[in-house]
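Here is how the chains run, residue by residue.
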Amino acid sequence: MDMPAPDLGVIARKARTVARLRGVLGPDSVIDAPEELRVYECDALTAYRCPPMAAVLPRTTDEVSRLLRICWEEGVPVVPRGSGTSLAGGAMPTADCVILGVARMNAVLETDYENRFIRVQSGRTNLSVSGAVEAEGFFYAPDPSSQLACAIAGNIAMNSGGAHCLKYGVTTNNLLGVTLVQMDGTVVTLGGPWGDPAGLDLLGVVCGSEGQLGVVTEAYLRILPKPEGARPVLVGFNSNEVAGACVADIIRAGLLPVAIEFMDRPCIRATEAFAKAGYPDCEALLIIEVEGSEAEISEQLGRIRQIALAHDPVEFREAEDEDQAKRIWLGRKSAFGAMGQINDYMCLDGTIPVSSLPHVLKRIGEMSAQFGLDVGNVFHAGDGNMHPLILFDANKPGDLEKCEAFGAEILKLCVEVGGCLTGEHGVGIEKRDLMSVQFSAADMEAQMRVKDVFDPKWLLNPAKVFPLATSAARRAG
Amino acid sequence: MRPLSEAELAEAVAGATGPLVVRGGGTRTIGHAVGEVLETSGLTGIELYEPGALTLVVKAGTSVAEVDRVLAGERQRLAFEVPDLCDLLGRTGASTIGGVVAANASGPRRVQVGAARDALLGVRFVDGAGVVVKNGGRVMKNVTGYDLAKLMAGSRGTLGVLTEVSFKVQALPEVEATLVVEGLGDEAGLAVLRQALGSPFDISGAARLSGRSLIRVEGMAGSVAYRLDQLRGRIGGDASVAEGGDSASLWRAVRDVTPFQGKPGAVWRIITMPTAAAEIVARLEAEAIWDWGGGLVWLRTDLGRGAEVAAAVAGRGHATLVRGEGGRAFPASAPEVAALVAGLKAKFDPRGILNAGMVA
């Protein structure tokens, strides 16, 4: 993984830039001491690290506007950072950049239950958005695994999903409006607490643009009334094909579970050893969750049971109470931790058409033998969003590179069967150089034109998303 | 011009010497574009349909009727309920699926499942220079690169000509039923809709039509009966239930703005906050149909009241003139937003030939 060489001119002007930033933000909001900058040297893609030139922690949209204007005038690249939980290196700094952290902007600005929205500052964590409306019986639907820590700003940048998006959609389907600050300091309001946009859906293209079009400081989010209840079932199968067929049959029957999670044998065994959730030792396991009143849950689970039993499962386990429900989810929720107990791992998130599932799992198994690295699969089966976890040893020379090569082959396979490189984590630096597998030069050119409009100098998070060679001329400005 | 393939269409755009009016079926076009007509109705056919994955890929000129027919064969549908505005706008012709995307046209179920843009998984289009671009794909979760599919949805052919679109589709519910609440004024009748939308009963339609508040639930029979019962208990008052075909015809009337058909005057489509809807209508003293719990107001006014409508809506939504003479059809944007829109137009259609003047 390469990053562009830092702009030495920018680094030479560091003292002046930092002084100007302090003038606007005050002394406690600008960090430039090397030891304090270590905090920002990476996000959750910890394999790559580089401390930034400085970091700023603004408190208001106006401060964001003024600091971006300074960086724009000084030609300093800016890397926005939510909570730093990106698995794709979306908040990875360069040595000549300023990290713009939104952590201090975490207030709830407005809640409106009649119109069903909440307006928050973008540094607020995902889970605490739901927390703010819980007492009134509402919640914010997108639920990435990192929801305890991750910020709405990062969710918007990556268009984050989660286990329950089969029913509720991802961030873009639950985002009503934003306050966006462009690199030159211009403050723009896109959307608002209502439905369709007035003209072009600029909000739609900002969501998922990985912090390259502007810095989101405030957001209007859709809140939903909480369902009356939810209950999972666990179904074990002796073949991936049959588990895949069962998923397709459930969907075809018109049932809409809120989640359908899939784990394969290596992952089941690892989580059993770690969490002891009492899962059956089988080839493939589904966790299916439905929502509603007691009667509605029974009606749906009855139908699911009927479909599942027709596929001759090795086990069909319905949660009888809250405790059993927790045990069904326990293994799934411990899966990443369990794999991490065994070794270092890289987590991919390519998406495939659900019909390709058996073929893709078989090919991943073959590649695993070929590369000599173990892999466990746990993923959102209803929408085809895979999460292969490749195990490697970071202390063993060459293992990371081998793991990355294996990962790249899996992602190419995802594209080959009609899917994509990333379903919810984003491109960042991790999948940047694979973009040309999925997109033609013209496809990427069309995307880069959007950045040309929002950020003509290519100063915002510039070395991400597009292959370096593809964006080189624009970054050179 | 009526190209028969994407390649022909790209050639036609690249070789165009003057402005082009991009047209699907011409059934929902609004605004003032002028130029040679470029029809997409020659690009037809289902490219891929996987009912078990809820995925449909279809060429942009395919008629909505054909898409509906194919989906119905597998007991599925487009979730966002495509409005048919032919009778409202006095148009004939076959609405195309590309036109639906270009207008981001969504019906009553938007309150539950989102708009056309939310069901859209991917697009192929030809930009103003004649270059073919693809974005998104056929899978439900995809954050690879920028989401240009969203940008194309609702862009009304001003940035590119859609050639192929893919959707997440939905299974038909076992049953549908509508709670019909009578005897309430507009303010109270809309409050009932908001109350329903704030309940956990998964409402798939909340509208006010001809003095009645309509609340729709869909799903498995037992669940629908349960939710209707709960809603009736909470809302009280004078409520009856319309089932099956009776329910469906009520929602067709809301979706297609049936009560305004054949009546004179301007028709406005106002997007606002539900709590502002009653007051906006009262201020303008005009006939209204409320959908999306009040978030969408169809308003029939005398001609020439554009400034009044814009003033009533200002700061809490926006209004589009879908039928009627005089003034611009689309609402004006704030200057900094207009600058971004102009910038994108210049990049995607450097010669300014696609639906020029439409949104002015």
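None of the values given here were measured: they were computed from a predicted structure.

(A) Here's a closer look at the overall build of chain A. A count of helical and extended segments in chain A gives 17 helices and 18 strands. Counting only C-alpha atoms and orienting by the principal axes, one finds that chain A spans roughly 70 × 55 × 40 Å. Each of the 477 residues in chain A was classed as buried or not, and the buried ones make up 62%. Long-range contacts, defined here as pairs at least 24 residues apart, represent 71% of the contacts in chain A between residues at least 6 apart. Of the roughly 16,400 Å² of accessible surface on chain A, 51% is carried by carbon and sulfur atoms.

(B) Examining the overall build of chain B more closely. Secondary structure summary: chain B contains 13 helices and 17 strands in total. For 360 residues, the compact-globule estimate of 2.2 N^0.38 gives 21 Å, and chain B sits close to it at 21 Å. The principal-axis extents of the C-alpha atoms in chain B amount to approximately 65 × 50 × 35 Å. Looking at the 360 residues of chain B, the share that counts as buried comes to 60%. Here the analysis covers contacts within chain B between residues at least 6 apart in sequence; of these, 73% occur between residues at least 24 apart. As displayed, chain B offers around 12,500 Å² of accessible surface, 51% of which is attributable to carbon and sulfur atoms.

(C) Structural detail: the domain arrangement of chain A. Taken domain by domain, chain A comprises domain 1 (8-103), domain 2 (108-225) and domain 3 (230-416). The distance between the C-alpha centroids of domain 1 of chain A and domain 3 of chain A comes to 38 Å.

(D) Looking closely at the interface of chain B and chain A. Between chain B and chain A, the contact holds 71 residues from the first and 89 residues from the second. Interface area, chain B with chain A, both sides summed: about 6,200 Å², of which 59% is carbon and sulfur. On the chain B side of the contact with chain A, B:Lys141, B:Val143 and B:Tyr146 bury the most area, a combined 15% of that side's loss. Our count for the contact surface shared by chain B and chain A stands at 13 salt bridges. Of the charged contacts, one joins B:Lys141 and A:Glu424 as a salt bridge, the two residues approaching to 2.7 Å between their closest N and O atoms. Here chain B and chain A share 28 residue pairs in polar contact (both at pLDDT 80 or more) between them. Sorting elements by how many residues they give to the side of chain B that touches chain A places helix α13 (residues 335-348) of chain B first, with eight residues.

(E) A look at the nonpolar core. In this structure, A:Val450, B:Leu151 and B:Phe167 are the most contacted members of the largest nonpolar core, which totals 135 residues. Here this core gets nine residues from one element, more than from any other, and that element is helix α14 (residues 399-416) of chain A. Not counting the four nearest positions on each side in its chain, B:Phe167 is found in contact with B:Leu54, B:Thr55, B:Leu56, B:Val58, B:Leu78, B:Phe80, B:Ile97, B:Val101, B:Ala116, B:Ala119, B:Leu120 and B:Leu121. Ranked by size, the runner-up nonpolar core spans 68 residues in total, among them B:Phe201, B:Leu214, B:Ala266 and B:Ala312.

(F) Representation of the pattern of salt bridges in the model. Going through the model one piece at a time under the given rule, you end up with 63 salt bridges over all chains. Ionic pairing is found between A:Asp32 and A:Arg22, a salt bridge with its closest N-O pair at 2.9 Å. With A:Asp32 in the loop between β1 (30-31) and α3 (34-37) and A:Arg22 in helix α2 (residues 14-25), this residue pair connects regions lying 10 residues apart in the sequence. For B:Arg208, the salt bridge goes to B:Asp186, with nearest N and O atoms at 2.9 Å. Residue B:Arg208 is found in strand β11 (residues 205-209), and its partner B:Asp186 is found in helix α8 (residues 186-197); the two are separated by 22 residues along the sequence. Overall, B:Arg208 belongs to the buried group, its relative accessible area being 2%. Looking at B:Asp186, the relative accessible area reads 35%, which means it is partly exposed.

(G) Region of the structure containing the packing of α2(A) against helix α4 (residues 61-74) of chain A. All names here are of chain A. The geometry of α2 relative to α4 is characterised by a closest axis approach of 10 Å and an angle of 160 degrees between their N-to-C directions. The angle between α2 and α4 falls in the class roughly antiparallel. In this structure, α2 crosses over α4, and the sense of that crossing is right-handed. The segment α2 lies against α4, with Arg16, Thr17, Arg20, Leu21, Val24 and Leu25 engaging Glu63, Arg66, Leu67, Ile70, Cys71, Glu73 and Glu74. Residues that form the contact of α2 with α4 fall into these classes: six nonpolar, one polar and six charged.

(H) Geometry of the packing of aromatic side chains. Tallied over the entire structure, the rule returns 11 aromatic pairs over all chains. Plain terms: the ring middles of A:Phe371 and A:Phe406 are 5.0 Å apart, the flat faces sit at 10 degrees to each other, and that makes the pair stacked. Placement of A:Phe371 in helix α13 (residues 357-371) and of A:Phe406 in helix α14 is noted, with a sequence separation of 35 residues between them. The buried category is assigned to A:Phe371, whose relative accessible area is 17%. A ring pair is formed by B:Phe125 and B:Phe348, whose centres lie 6.4 Å apart and whose planes are at 45 degrees; its orientation type is tilted. Remark: B:Phe348 occurs in helix α13 and B:Phe125 occurs in strand β6 (residues 120-127); sequence separation between them is 223 residues. In terms of burial, B:Phe125 and B:Phe348 fall into one category: buried. Members of the aromatic cluster, each reached through a chain of ring pairs, are A:Trp458, A:Phe466 and B:Tyr146. Residue placement shows A:Lys333 over the ring face of A:Trp329; its charged tip is 5.5 Å from the ring centre. Across from the ring centre of B:Phe348, 5.1 Å away, lies the NZ or CZ of A:Arg449, which sits over that ring.

What counts, and where the lines are drawn
- Residues numbered from 1 in each chain as written.
- Chains lettered and ligands numbered in written order.
- Predicted model: local features only at pLDDT ≥ 70, side-chain atom pairs only at ≥ 80, totals over all residues.
- Heavy atoms only, no water.
- Helix = DSSP H or I, 4+ residues; strand = E, 2+ residues; numbered from the N terminus.
- Buried < 20%, exposed > 50% of the residue type's maximum accessible area, 1.4 Å probe, protein only.
- Contact = heavy atoms within 4.5 Å.
- Areas by Shrake-Rupley, 256 points an atom, 1.4 Å probe, with all protein chains shown as cover.
- Rg over C-alpha atoms; globule rule 2.2 N^0.38 Å.
- Domains from an automatic or database assignment.
- Buried area = accessible area lost by both parts, 1.4 Å probe.
- Salt bridge = Lys/Arg side-chain N within 4 Å of Asp/Glu carboxyl O.
- Polar contact = N/O pair within 3.5 Å; in protein donor to acceptor, adjacent residues only side chain to side chain.
- Core = buried A, V, L, I, M, F, W, Y, C linked by side-chain atoms within 4.5 Å.
- Axes fitted to C-alpha atoms, helices over the stretch in contact; angles between N-to-C directions.
- Parallel < 35°, antiparallel > 145°, perpendicular 65-115°, else oblique.
- Left-handed = near helix turned anticlockwise from the far one by under 90°.
- Nonpolar A, V, L, I, M, F, W, Y, C, P; charged D, E, K, R; others polar.
- Phe/Tyr/Trp six-rings, centres within 6.5 Å; stacked < 30°, edge-to-face > 60°.
- Lys NZ or Arg CZ within 6 Å of the ring centre and 35° of its normal.

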